[in-house]
Amino acid sequence: MTLQLNGKVGMSGRFKLTAIKPDGTTRHLAEFDNMILDSGLEFLTADVSPDPLTYLHIGTSSAPVSPTQSGLQAWSGSSPVVGQGTEIPAQAGVAPDYAYTRVVFRRIGLGRVFSVSEMGMGPNQHNAQLFCRALVLDDNGEPTTVTVNADEVLDVSYTLRMFVDLSDKTAVLHASGVDYTLTVRPARVDRELSRSLLSYQLFRHASAWVSGAVQPPILAGSFDPSLAVSRERLSNGKDEKGYFVEGRVFASLTGGNLSVPIRTVLLLPDAFPAWTVGFEPGVPKTASEIFSVTLRIYFGRR
């Protein structure tokens with residue numbers, strides 16, 4: 001049996017800017033949302049490194065943000081999350097319908113006053129193929145310029161959220177003369193996400209367990225790893241639905257067999273939320289059949 005599944009993850013990001021004096025005094029500068037660029041979505045489909053949240057980019061342009069842009073419009077510099085100033089560990093957390101990852105950059109003061117009107121994130125120090133771009137906005141949502149004094153350090157936190165549709169999706173699959181009712185359900189939405197968003201990790205480091213038990217609730221379930229599975233990346237790119245990456249997990253003819261029918265499969269990618277797939281009735285797995293589940297994940301702006 002081979003099963004094709006599609007999942008979708010909506011993403012949004014938010015910057016928070018703080019100026020810090022040597023005595024520890026802080027000054028709130030701004031907090032605002034970003035736009036994830038087409039170049040950022042395309043980067044996620046590529047089998048390349050590094051992490052697209054590796055470098056902070058700053059600039060001085062107030063030109064409107066467009067998804068087709070690939071860099072800042074008046075770039076003035078970049079700072080890595082590691083190797084310059086003080087590294088602050090990345091954080092990850094959860095909320096009812098999304099998981100998030102957060103990175104913090106500290107840009108050492110330049111010994112002079114400098115200004116910031118635009119900001120972005122990218123995989124390297126070059127102002128090209130950025131993951132996102134944003135204008136600095138005031139409390140009324142209007143573009144503005146913030147100034148960092150000569151005796152201050154600029155701290156920038158960037159939070160990326162991944163939103164998941166928690167509703168069940170059902171379908172009927174006809175195989176070998178049997179109609180199987182499928183229920184696809186988000187799973188373990190409360191887990192921390194890897195800070196790395198590289199799509200090549202989707203199935204190269206994913207895990208899958210198969211259970212003979214009935215399909216568990218979203219955050220519960222006991223899985224039996226006795227059925228040996230393999231995983232592989234299949235394809236990536238863009239179609240009429242958006243940017244995607246696709247891979248599969250499968251049990252070969254000699255990959256192990258269960259004495260009870262398969263009722264639940266858990267797909268656990270590294271950098272995206274997980275999904276469970278439930279089968280009713282259960283699917284028998286014998287040494288004469290290959291069991292395969294293909295997952296295509298679409299990701300875009302929320």
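Note that the structure is a prediction, hence the values are computed from the model and not measured.

Student: I keep staring at the layout of surface pockets and nothing clicks. Help me out?
Tutor: Any empty space left between atoms is shown by rolling a water-sized probe over those atoms. What the largest pocket holds in volume is close to 350 Å³. Gly 13, Arg 14, Asp 33, Thr 159 and Arg 161 are, among the 19 residues lining the largest pocket, the residues nearest its centre. Among the secondary structure elements, those contributing two or more residues to the lining of the largest pocket are strand S1 (2–20), strand S2 (26–33), strand S3 (35–36), strand S7 (98–107) and strand S12 (153–164). In terms of residues, the lining of the largest pocket owes the most to one element, S1, which gives six residues. Looking at the lining of the largest pocket residue by residue, the class counts come to six nonpolar, five polar and eight charged. Of the volumes computed, that of the second largest pocket is approximately 220 Å³. Around the second largest pocket, the lining is made up of 14 residues, and of these Gly 7, Lys 8, Asp 165, Lys 169 and Trp 275 lie nearest the centre. Breaking the lining of the second largest pocket down by element, the ones donating at least two residues are S1, S12 and strand S14 (178–187).

Student: Can you help me understand the packing of aromatic side chains in this one?
Tutor: One pair of aromatic rings is described through two measures. These are the centre distance and the angle between the planes. Taken as a whole and judged by the stated rule, the model has four aromatic pairs. Here Phe 15 and Tyr 158 contribute two aromatic rings whose centre-to-centre distance is 4.8 Å and whose plane-to-plane angle is 50°, an arrangement assigned as tilted. With Phe 15 in strand S1 and Tyr 158 in strand S12, this pair connects stretches of sequence that are 143 residues apart. The class for Phe 15 is buried, based on a relative accessible area of 0%.

The rules we used
Note that residues are indexed from 1 along each chain, following the sequence as it is written. Reporting of local features is limited, given that this is a predicted model, to residues whose pLDDT is at least 70; pairs of side-chain atoms are given and counted only at 80 or more, and all residues count toward the totals for whole chains, interfaces and linings. To obtain the side-chain values, all non-hydrogen atoms of the structure were used and water was disregarded. Only protein atoms enter the 1 Å grid, on which a cavity is a set of points fitting a 1.4 Å probe that cannot get out and a pocket is an open set with protein on both sides within 12 Å along at least 5 of 7 lines, lining residues being those with an atom within 4 Å of a point. Grid points are joined across faces, edges and corners, and a volume is the space filled by probe spheres set on the points. The numbering of helices and of strands both runs from the N terminus, where a helix is a DSSP run of H or I of at least 4 residues and a strand a run of E of at least 2. Each residue is assigned to one class: nonpolar for Ala, Val, Leu, Ile, Met, Phe, Trp, Tyr, Cys and Pro, charged for Asp, Glu, Lys and Arg, and polar for all the others, Gly among them. What counts as a ring pair is set by centres within 6.5 Å for rings of Phe, Tyr and Trp (its six-membered ring), and what kind of pair is set by the plane angle: stacked under 30 degrees, edge-to-face over 60, tilted for all other angles. Categorising residues by exposure relies on relative accessible area from a 1.4 Å probe, with only protein chains included: less than 20% of the type maximum marks a residue as buried, more than 50% marks it as exposed, and the intermediate range marks it as partly exposed.

So, to be careful, I would describe these as geometric facts and stop short of saying anything about function.
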